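Structure at a glance
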Amino acid sequence: MKLDRVIAVRNNKTIYREGDKCVKVFGETYSKADVLNEALNQARIEEIGLNIPKILEVTMIDGKWAIITEFIEGKTLAQLMEENEDKKAEYLELLVDLQLDVHSKKAPLLNKLKDKMARKISMTDLDATTRYDLHTRLEGMPKHTKVCHGDFNPSNIIITNDGKAYIIDWAHATQGNASADVARTYLLFCLNGDTEGAKYYLDLFCKKSNTAKQYVQKWMPIVAASQSVKGNEKEREFLLSWVDVVDYE
């Protein structure tokens, strides 16, 4: 396999295009279990009828694990937003509609969102009192079994030339409470410095799904804390500033 067309370089992984295939090669230190879990997540999502690139193979390339999927020709929603600023509201509406479609599905064999978040909160370097408080709040949140993407943002949506939308990157998929997924998307907009887009997105989602904004906001400290265990120092600082920001009582 001649891997010379790099599409993207992300934390500890490089994504190549090889003809009509997309090859995601993980770093040598990347956990084998995490690679296989990502492939399994994507296979489970394929089965529930969402528009996603199909998995073709899980293999090793030069001693590194790789996941090979269909290559989807098109532009990400993030690129389109940048190129057509006047259409941003229209694109955000599409983003919300796609996320609502994801949340309408069930995949009973996916990992549970609450379990994952509890693990992540335990891994933070927050003090014991704050961790206890976050665990208590997480436990008290309503249990749902909706499919949650876990990293739902405009750069993980590809729009083909004929206008078809594909959702990519299912590494963080779980089943659980959709509002936690929404809190994550909101925080991703904020992390990218787009607080206006974050606010518009949240208002739109709550309106379309008939969800109280306060309900999503209750998830923000929990989601921010669980996300703070990865990423760079600046991101961590920002996320941890959210842990006590919201009045959750």
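Notes on the structure follow. (Residues numbered from 1 in each chain as written. Predicted model: local features only at pLDDT ≥ 70, side-chain atom pairs only at ≥ 80, totals over all residues. Heavy atoms only, no water.)

Tracing the backbone shows T124 in the loop between α4 (113-123) and α5 (128-140). Beyond its immediate chain neighbours, meaning those up to four positions away, T124 contacts R131, A225, S228 and V229. (Helix = DSSP H or I, 4+ residues; strand = E, 2+ residues; numbered from the N terminus. Contact = heavy atoms within 4.5 Å.)

Before going further, it helps to spend a moment on the environment of S179. Within the fold, S179 resides in helix α6 (residues 178-191). Sequence separation between S179 and K146 is 33 residues, and the spatial gap between their C-alpha atoms is 10.0 Å. Apart from the residues lying within four places of it in its own chain, the contact partners of S179 are T211, Y215, V216 and W219.

What follows concerns the sheet that holds strand β6 (residues 75-76). Read from one edge to the other, the open sheet built from three strands follows the order β6-β8-β9, with strand pairing classed as antiparallel. Of all the strands in the sheet, just β6 and β9 (165-167) have a single pairing partner and so form its edges. Pairing of strand β8 (residues 157-159) with β9, which is carried by three bridges, proceeds in the antiparallel orientation. Bridge pairing in β9 places I158 opposite Y166. (Pairing = 2+ DSSP bridges.)

Let us now look at the sheet that holds strand β4 (residues 55-61). Here we have five strands laid out as an open sheet, ordered β1-β2-β3-β5-β4, and antiparallel in their pairing. At either end of the open sheet lies a strand with only one pairing partner, and these are β1 (5-10) and β4. The mean inter-strand angle of the sheet, taken between neighbouring strand axes irrespective of direction, is 20°. Relative to strand β3 (residues 21-26), strand β2 (residues 13-18) runs antiparallel, the two sharing six bridges. Looking at the pairing, T14 lines up with V25 of β3. Across the sheet, helix α1 (residues 32-46) is in contact with β3, β4 and β5 (64-70); its angle to β5 comes to roughly 15°. (Axes fitted to C-alpha atoms, helices over the stretch in contact; angles between N-to-C directions.)

Counting 53 residues, the largest nonpolar core has I157, W170, Y186, Y201 and W219 as its most contacted members. Non-local contacts of W170, meaning those with residues more than four positions away in its chain, are made with N41, Q42, I45, L50, I52, V102, V147 and H149. Judged by nonpolar contacts, the second largest core, of six residues, contains V23, V25, I61 and A66. (Core = buried A, V, L, I, M, F, W, Y, C linked by side-chain atoms within 4.5 Å. Buried < 20%, exposed > 50% of the residue type's maximum accessible area, 1.4 Å probe, protein only.)

In a pair of packed helices, the angle between the axes and the distance between the axes together describe the arrangement. Orientation of α6 relative to helix α9 (residues 233-241), taken along the N-to-C sense of each, is 125°, at an axis distance of 11 Å. What the angle tells us is that α6 and α9 run oblique. The crossing of α6 and α9 is right-handed. Within the contact between the two elements, α6 uses L187, C190 and L191 and α9 uses E235, F238 and L239. (Parallel < 35°, antiparallel > 145°, perpendicular 65-115°, else oblique. Left-handed = near helix turned anticlockwise from the far one by under 90°.)

Moving on to the pattern of salt bridges. Evaluation of the coordinates by the stated rule reveals 14 salt bridges. A salt bridge links D203 to K199, with the nearest nitrogen and oxygen atoms 3.1 Å apart. Taken together, the residues D203 and K199, both in helix α7 (residues 195-209) and four residues apart, mark about one turn of the helix. For D203, a relative accessible area of 27% gives the class partly exposed. Among the salt bridges present, the one from D203 reaches K213, with a minimum N-O distance of 2.6 Å. Of the two residues, D203 sits in helix α7 while K213 sits in helix α8 (residues 213-227), which places them 10 residues apart along the sequence. On the basis of relative accessibility, which here comes to 31%, the residue K213 falls in the partly exposed class. (Salt bridge = Lys/Arg side-chain N within 4 Å of Asp/Glu carboxyl O.)

To continue, consider the state of the cysteines. Within this structure, the stated rule accounts for zero disulfides. With no disulfide of its own, C148 has C206 as its nearest cysteine by sulfur position, at a separation of 15 Å. Taking relative accessible area as the criterion, C148 reaches 0% and is therefore assigned buried. Of all cysteine sulfurs, the one in C190 lies closest to C206, which takes part in no disulfide; the gap is 13 Å. (Disulfide = S-S within 2.5 Å.)

Note that every value here comes from positions in space, so none of it alone points to a role or purpose.
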